[in-house]
Amino acid sequence: MSDDYSDMHTFDLELSDRETFFIGHIIAQWGALEHEIFIQTLKTFDRTEDEELVLPSQMNNLSFTSVLAIWKTRVADQAEGKRGAVLLEEYQKIIELHEHRNALVHGMWDWSKSDPTKISIVRIRKKEIITVHFTADDLQDFSLRVAKINFKLRYPGGVEDLVTDRIEQGFYISRRGLSLFTDTPVAADFFPALKAVKEEPKSS
């Protein structure tokens, strides 16, 4: 980080802490979603030790929708039974949410002076001006929907798939758990009560 504090002027987006939290959560969840779609698709391209892996140009990962289309064909459409039905359902949800995600990431935030609870995102796509309206509750709902999609992409069979995956790994510890046991600085972010205890003044 820069130590230059000579210019302290910053632009205020006038977003609440709650709004900012869920915007960040959506962006992180969507990044995980795109990564999982790419990795699952990549694994469908086989090669031998002596062969060079040749991928279609769409797999350059410059366009998520292009990779998503290949994922549907090579992963979701090939899955059988309940897992196939779940993946195809999640595919439709991703399509429905994608434009809103683009608005969140690529738009300019504004707020309504007639209704401060409503925030808007304005973006320009080609010659079209697109405005999308959100409230903090909308952002929370969006965040939850993307998180649920992420789970089902990885475990289309539900909790049974999750348990099987954990067993195959042999050992698993969450970042939250590891932070607690190793007492790293980030532990205070996961467990604010720990920070409060450490900062509590000692009685003389």
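Residues numbered from 1 in each chain as written. Predicted model: local features only at pLDDT ≥ 70, side-chain atom pairs only at ≥ 80, totals over all residues. Heavy atoms only, no water.

**Q** Would you take a moment to explain unusual backbone geometry for this structure?
**A** Of note, Glu14 is a non-glycine position whose phi angle comes to about 60°, a positive value. Looking at where Glu14 falls in the secondary structure, it is placed in the segment before helix 1 (17-42). Among the residues examined, Glu14 registers a relative accessible area of 46% and is labelled partly exposed. (Helix = DSSP H or I, 4+ residues; strand = E, 2+ residues; numbered from the N terminus. Buried < 20%, exposed > 50% of the residue type's maximum accessible area, 1.4 Å probe, protein only.)

**Q** I tried to follow the pattern of salt bridges on my own but got confused; where do I start?
**A** Close approach of charged atoms lets side chains of opposite charge pair. All chains considered together, the criterion is met by 10 salt bridges. When the shortest N-O distance is used, the salt bridge between Asp137 and Arg18 registers 2.8 Å. Pair noted here: Asp137 is in helix 4 (residues 136-154) and Arg18 is in helix 1, with a separation of 119 residues, a long-range link. Judged by its relative accessible area of 51%, Asp137 is exposed. The residue Glu128 makes a salt bridge to Arg125 at a minimum N-O spacing of 3.5 Å. A relative accessible area of 37% means that Arg125 is categorised as partly exposed. Within the structure, one salt-bridge network assembled from shared partners comprises Glu99, Arg123, Arg125 and Glu128. (Salt bridge = Lys/Arg side-chain N within 4 Å of Asp/Glu carboxyl O.)

**Q** What is the right way to look at the packing of helix 3 (residues 81-106) against helix 4 in this model?
**A** Between two packed helices, what matters for the description is the angle formed by their axes and the separation of those axes. It is at 10 Å that the axes of helix 3 and helix 4 come closest, and there the two elements cross at 140°. Note on packing geometry: the crossing formed by helix 3 with helix 4 is left-handed. Every residue of helix 4 that contacts helix 3 at Val86, Leu87, Glu90, Lys93, Ile94, Glu96, Leu97, His100, Arg101 and Leu104 is listed here: Leu139, Phe142, Arg145, Val146, Ile149, Lys152 and Leu153. (Axes fitted to C-alpha atoms, helices over the stretch in contact; angles between N-to-C directions. Left-handed = near helix turned anticlockwise from the far one by under 90°. Contact = heavy atoms within 4.5 Å.)

**Q** Where do I start with a nonpolar patch on the surface in this structure?
**A** A surface patch of nonpolar side chains, about 620 Å² in accessible area, is lined by Phe11, Leu13, Met108, Val122, Ile124 and Ile129. By the element assignment, Ile129 lies in strand 3 (residues 128-134). (Patch = residues over 30% accessible without salt bridge, like charges linked within 9 Å, V, L, I, M, F, W, Y side chains within 5 Å. Areas by Shrake-Rupley, 256 points an atom, 1.4 Å probe, with all protein chains shown as cover.)

**Q** For this particular structure, what's the right way to read the packing of aromatic side chains?
**A** The relation between two aromatic rings is expressed through the spacing of the ring centres and the mutual angle of the planes. Under the criterion given, the structure shown has 3 aromatic pairs. Consider the rings of Trp30 and Phe64, whose centres lie 6.1 Å apart with planes at 70°: the pair is edge-to-face. With Trp30 in helix 1 and Phe64 in helix 2 (residues 64-76), this pair connects stretches of sequence that are 34 residues apart. When sorted by exposure, Trp30 lands in the same class as Phe64, which is buried. When the centroid spacing of 5.1 Å and the interplanar angle of 55° are considered together, the rings of Phe151 and Tyr155 count as tilted. (Phe/Tyr/Trp six-rings, centres within 6.5 Å; stacked < 30°, edge-to-face > 60°.)

**Q** What am I meant to see in helix 4 here?
**A** Helical geometry: 3.6 residues make up each α-helical turn, so side chains three or four residues apart lie on a common side. With 19 residues, helix 4 ought to run about 27 Å at 1.5 Å a step, and its terminal C-alpha atoms sit 28 Å apart, in line with that. Here helix 4 has its buried residues at Ala136, Leu139, Phe142, Ser143, Val146, Ile149, Asn150 and Leu153. Projected down its long axis, helix 4 carries its buried residues within an arc of 145°, all on one side. In this fold, the buried residues of helix 4 make contact with helix 1, helix 2, helix 3, strand 1 (108-111), strand 2 (119-125) and strand 3. (Expected span 1.5 Å × (residues − 1). Arc of directions from axis to C-beta.)

**Q** Looking at this model, I keep getting lost on the packing of helix 2 against helix 3. Mind explaining?
**A** In contact at an axis separation of 11 Å, helix 2 and helix 3 are set at 165° when each is read in the N-to-C sense. In terms of orientation, helix 2 lies roughly antiparallel with respect to helix 3. Both helix 2 and helix 3 take part in a crossing whose hand is left-handed. Of the residues in helix 3, those in contact with Phe64, Thr65, Leu68, Trp71, Lys72, Val75 and Ala76 of helix 2 are Gly84, Leu87, Leu88, Tyr91, Ile94, Ile95 and His98. (Parallel < 35°, antiparallel > 145°, perpendicular 65-115°, else oblique.)

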